[in-house]
Amino acid sequence: MEFLREIEEFYGFKAEVFCAEGVPVGDKDAYDKKYGANLWKEDIEQYDKVCKVEPFQRGLKTLNTDCMINGRTRWQGFERAWIDQFENAPIGGGLAKCNPIAYWTLEDTFDYIAKYEVPHHPLHAKGYPSIGDAKDTIPIPEDGSTKFVNFKFEGDKTPWLDYACERKGRFVGLANKDGSTKTECGIHVAGAERTFDRDLWEEGAVKNIASVDEAKDIISSGKDAIVAVYAPWCQFCQGMEDEFAKYAESAGVPVYKFRGDEEREFVQANMNTESFPTVNFIKADGSVVKYDSEARSADDFANFEKSMA
């Protein structure tokens, strides 16, 4: 944020800042309380959704954005090797993208910075060619011997300037759910601009649990029930919406939803929840049994209910 303030002052503008939903700018304690300090370890895709994609979507919508100007280049790797300077919005709606330095190498970029003395991130002087999250970004090389200080390179600049090396220090130690190496946070993938600004299961047989007290009442009611702990921004919760609603129509027990991202401490302590969605069977004796599978069809939920009988 300090660098952002420097840029605002240098160019004479005021940035609009969008953080994880419900979290004040720069308030890590508030983030940890709502989403959990280890969300990125528990579910990296949900972390990206919470910290990157959803704020991005909300910002686009709030500011009525129809074109995004960004710094992607072909030099950054094969995932971006075919981008053009301008990408039209998809047919049917979406976001147009302007990539003004698409054909530049990283050396071109630093040459420009040096020639015109453009403000650049202070971590360049500490060995970081590309700036990502503090938790998974490292200098390249790791000893920090390559730097860009006072508009000049110090040390061997090759580790920064070779093809696709710029982002080698990003996403270190992270993998996608399918086991592949992580290279994107989600903002630059197709469809990232699509907003999701409604709740799940707004109609139908899935009943809403509106508070922690209501959740406690259901657990202690002496009756069986199924509860889906969810977050409306979660793509996996969105993905099971129709099937869970279909299951609820013919379920043999009451079926509920409980928004867990707003009561993270409670659902972690009482409803087996480390990530979303988490589906639980509430037994009449008050025990809470987690549905421990990623198969989420209506039949799968029905079979889980039968297994609890």
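Scroll up to find the structure.
These lines cover the structure that appears in this document, whether it is placed above or below. Starting from 1, residues in each chain are numbered consecutively following that chain's sequence as written. At least 70 in pLDDT is required for a residue's local features to be given in this predicted model, at least 80 for side-chain atom pairs to be given and counted, and no such filter applies to totals for whole chains, interfaces and linings, which use all residues. Side-chain metrics rest on all non-hydrogen atoms present in the structure, leaving aside hydrogens and water.

## Details of the overall build of the protein chain
Here comes step 1: Per the secondary structure count, the protein chain includes ten helices and ten strands.
Here comes step 2: In terms of principal-axis extent, the alpha carbons of the protein chain reach across some 75 × 45 × 35 Å.
Here comes step 3: Three labels apply to residues, based on accessible area from a 1.4 Å probe with only protein chains included: buried if under 20% of the type maximum, exposed if over 50%, partly exposed otherwise in between. Expressed as a percentage of the 309 residues in the protein chain, the buried residues total 41%.
Here comes step 4: Sequence-distant contacts in the protein chain: of pairs separated by 6 or more residues, those separated by 24 or more amount to 65%.
Here comes step 5: For accessible areas, the Shrake-Rupley method is used with a probe of radius 1.4 Å. Any residue's cover is judged against the shown protein chains and nothing else. By element, 49% of the accessible surface of the protein chain is carried by carbon and sulfur atoms, the whole surface being about 16800 Å². Numbering of helices and strands runs from the N terminus, with a helix taken as a DSSP run of H or I at least four residues long and a strand as a DSSP run of E at least two residues long. Here, two residues are considered to be in contact whenever any of their heavy atoms come within 4.5 Å of each other.

## Details of the packing of aromatic side chains
Here comes step 1: Two rings from Phe, Tyr or Trp (for Trp, the six-membered ring) form a pair when their centres are within 6.5 Å of each other. A pair whose planes differ by under 30 degrees is stacked, one over 60 is edge-to-face, and the rest are tilted. On inspection of all chains with the given rule, the structure shows 19 aromatic pairs.
Here comes step 2: When the ring of Trp104 is compared with that of Tyr112, the centres are 5.5 Å apart and the planes differ by 50°; the resulting orientation is tilted.
Here comes step 3: Of the residues examined, Tyr112 reaches a relative accessible area of 41% and is grouped as partly exposed.
Here comes step 4: With a centroid separation of 6.1 Å and an interplanar angle of 85°, the aromatic rings of Phe258 and Phe266 are classed as edge-to-face.
Here comes step 5: Phe266 sits in the buried class, given a relative accessible area of 9%.
Here comes step 6: Of the aromatic side chains, those joined through ring pairs into one cluster are Trp201, Tyr230, Phe244, Tyr247, Phe281, Tyr291, Phe301 and Phe304.

## So, the state of the cysteines
Here comes step 1: Two cysteine sulfur atoms form a disulfide, by the criterion used here, when they sit within 2.5 Å. The tally for this structure, following the rule as stated, stands at zero disulfides.
Here comes step 2: There is no disulfide at Cys67, and the cysteine sulfur nearest it, in Cys98, is 5.6 Å away.

## Comments concerning the pattern of salt bridges
Here comes step 1: The salt bridge definition used is simple: a Lys or Arg side-chain nitrogen within 4 Å of an Asp or Glu carboxyl oxygen. Counting across every chain of the model gives twelve salt bridges.
Here comes step 2: Between Lys14 and Glu8 there is a salt bridge, and its shortest N-O distance comes to 3.9 Å.
Here comes step 3: Residue Lys14 is classed as exposed on the basis of its relative accessible area, which comes to 68%.
Here comes step 4: The partner of Lys28 in a salt bridge is Asp32, and the shortest N-O contact between them spans 2.9 Å. Of the two residues, Lys28 and Asp32 both sit in helix H2 (residues 28–35), four residues apart, roughly one turn of that helix.
Here comes step 5: By relative accessible area, Lys28 is classed as exposed at 54%.
Here comes step 6: Judged by its relative accessible area of 23%, Asp32 falls in the partly exposed class.

## Structural notes on the nonpolar core
The tendency in soluble globular proteins is for nonpolar side chains to be buried side by side.
Here comes step 1: The criterion is simple. A nonpolar core is a set of buried Ala, Val, Leu, Ile, Met, Phe, Trp, Tyr and Cys residues joined through side-chain atoms within 4.5 Å. Formed by 54 residues in total, the largest nonpolar core has its most connected members in Ile226, Phe244 and Phe258.
Here comes step 2: Considering each element in turn, this core owes the most residues, six residues, to strand E7 (residues 225–230).
Here comes step 3: In this structure Phe244 touches Trp201, Val206, Ile226, Ala228, Val255, Tyr256, Val279 and Phe301, once residues within four positions along its chain are discounted.
Here comes step 4: Counting residues in each nonpolar core, the second largest holds eight residues, with Leu106, Phe110, Ile113 and Leu161 among its members.

## Details of the sheet that holds strand E6 (residues 207–209)
Here comes step 1: Paired strands, in this sense, are two strands between which DSSP finds at least two bridges. Within the open sheet, the five strands sit side by side as E6-E8-E7-E9-E10. Their pairing is mixed. Each having just a single partner strand, E6 and strand E10 (288–290) make up the two edges of the open sheet. Between one strand and the next, the sheet's axes are offset by a mean angle of 30°, whatever the strand orientation.
Here comes step 2: Pairing between E7 and strand E9 (residues 278–282): five bridges, direction antiparallel. For Ile226, the partnering residue across the bridge sits in E9 and is Phe281.
Here comes step 3: Axis definition: a line fit to C-alpha positions, over the contact stretch in the case of helices; interaxial angles, taken between N-to-C directions, run 0 to 180 degrees. Sheet contacts for helix H7 (residues 212–219): E6, E7, strand E8 (255–259), E9 and E10; angle to E6, the most-contacted strand, approximately 115°.

## Describing the side chain of His120
Here comes step 1: Here His120 lies in the loop between helix H5 (106–116) and strand E4 (147–149).
Here comes step 2: Two N or O atoms count as a polar contact when they lie within 3.5 Å, although within protein this holds only if one can serve as hydrogen donor and the other as acceptor, and sequence-adjacent residues are included solely when both atoms are side-chain atoms. There is a polar contact of 3.1 Å between the side chain of His120 and the side chain of His124.

## Thoughts on the environment of Leu161
Here comes step 1: Counting through the fold element by element, Leu161 comes out in helix H6 (residues 158–161).
Here comes step 2: Spatially, the C-alpha atom of Leu161 lies 16 Å from that of Ile138, the residues being 23 residues apart in sequence.

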